[in-house]
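Single-letter residue listing:
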Amino acid sequence: MKTHLQKRIGTILWAAAAVLLLITILRLTVADRAPAVSISTLDTSEAAISSSAGLLDINTATAEELEALPGIGPVLAERIIAWREENGPFTSREDVLDVYGIGQATYEKLEPYINFG
């Protein structure tokens, strides 16, 4: 026959096992809900990334690469490319500001991510 102490220890062990099972289930549930990190938007092409600074070269970037920049959608990406084709490479901040639709606020969002080759 089990003693009172043995019954209590058994109950405590079952409770501890139940808590561990619950923690495991919660961890798995949270892991399933964690946002997936997509690296598909990261561009590693040598043409677009300056090896010295790790910034997007605005003079060689494709439309898709430009669209990944903050504040740049498909229309502005095409305007940037059109400006490059008509005027040659961007050499300064003023050149980027000459692109229709890019104002000071948009440029300030872009500046940390671009270079001029």
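These remarks concern the structure in this document. Residue positions within a chain follow its written sequence, with the count starting from 1. Local features are withheld for residues below a pLDDT of 70 in this predicted model, meaning they are given only at 70 or higher, and side-chain atom pairs are given and counted only at 80 or more; totals for whole chains, interfaces and linings count all residues. Side-chain measures here rest on the full set of heavy atoms in the structure, leaving out hydrogens and waters.

Put simply, DSSP marks the helices as runs of H or I at least four residues long and the strands as runs of E at least two long, and each gets a number from the N terminus on. Scanning the protein from N- to C-terminus turns up five helices and two strands. Within the protein, the proportion of its 117 residues that are buried is 24%. Should any heavy atoms of two residues lie within 4.5 Å, those residues are counted as being in contact. Long-range pairs, those at least 24 residues apart, make up 40% of the contacts in the protein with a sequence separation of at least 6. Buried means the residue's accessible area, taken with a 1.4 Å probe over protein chains only, is under 20% of the maximum for its type, while exposed means over 50%, and partly exposed covers the values in between.

So, about the nonpolar core. Of all hydrophobic cores here, the largest spans 19 residues; its most connected members are L66, I72, I80 and I102. For this core, the elements supplying multiple residues, two or more each, are α2 (63-67), α3 (74-87) and α5 (104-110). For this core, the leading source of residues is α3, giving five residues. Once residues within four sequence positions are removed from consideration, I72 is found in contact with L66, E67, A77, I80, I102, T106 and L110. Side-chain atoms within 4.5 Å link the members of a nonpolar core, which is a set of buried Ala, Val, Leu, Ile, Met, Phe, Trp, Tyr and Cys residues.

Our next topic: the environment of P70. Along the chain, the position of P70 falls in the loop between α2 and α3. Classification of P70 as partly exposed rests on a relative accessible area of 30%. Contacts of P70, omitting those with residues within four sequence positions, involve K109, L110 and Y113.

Let's shift gears to the environment of E111. Locating E111 in the fold gives a position in the loop between α5 and β2 (114-115). Taking relative accessible area as the criterion, E111 reaches 44% and is therefore assigned partly exposed. In this structure, the C-alpha to C-alpha distance between E111 and P70, residues 41 residues apart in sequence, is 9.8 Å.

This part takes up the packing of aromatic side chains. Side-chain rings of Phe, Tyr and Trp, where Trp is taken by its six-membered ring, are said to pair if the distance between their centres is within 6.5 Å; with planes under 30 degrees apart they count as stacked, over 60 as edge-to-face, and otherwise as tilted. Under the counting rule described, the total for this entry stands at one aromatic pair. When the centroid spacing of 4.5 Å and the interplanar angle of 15° are considered together, the rings of W83 and F90 count as stacked. Assigned by exposure class, W83 and F90 land together as buried.

Looking at the element boundaries, D95 is found in helix α4 (residues 93-97). We note that D95 is buried and unpaired, the nearest opposite charge coming from R93 at a distance of 11 Å. The contact partners of D95, leaving out residues within four places of it in the chain, are W83, P89 and F90. Counted as positive: Lys and Arg. Counted as negative: Asp and Glu, with His and the chain ends omitted from the count. Any carboxyl oxygen of Asp or Glu that lies within 4 Å of a side-chain nitrogen of Lys or Arg is treated as forming a salt bridge with it.

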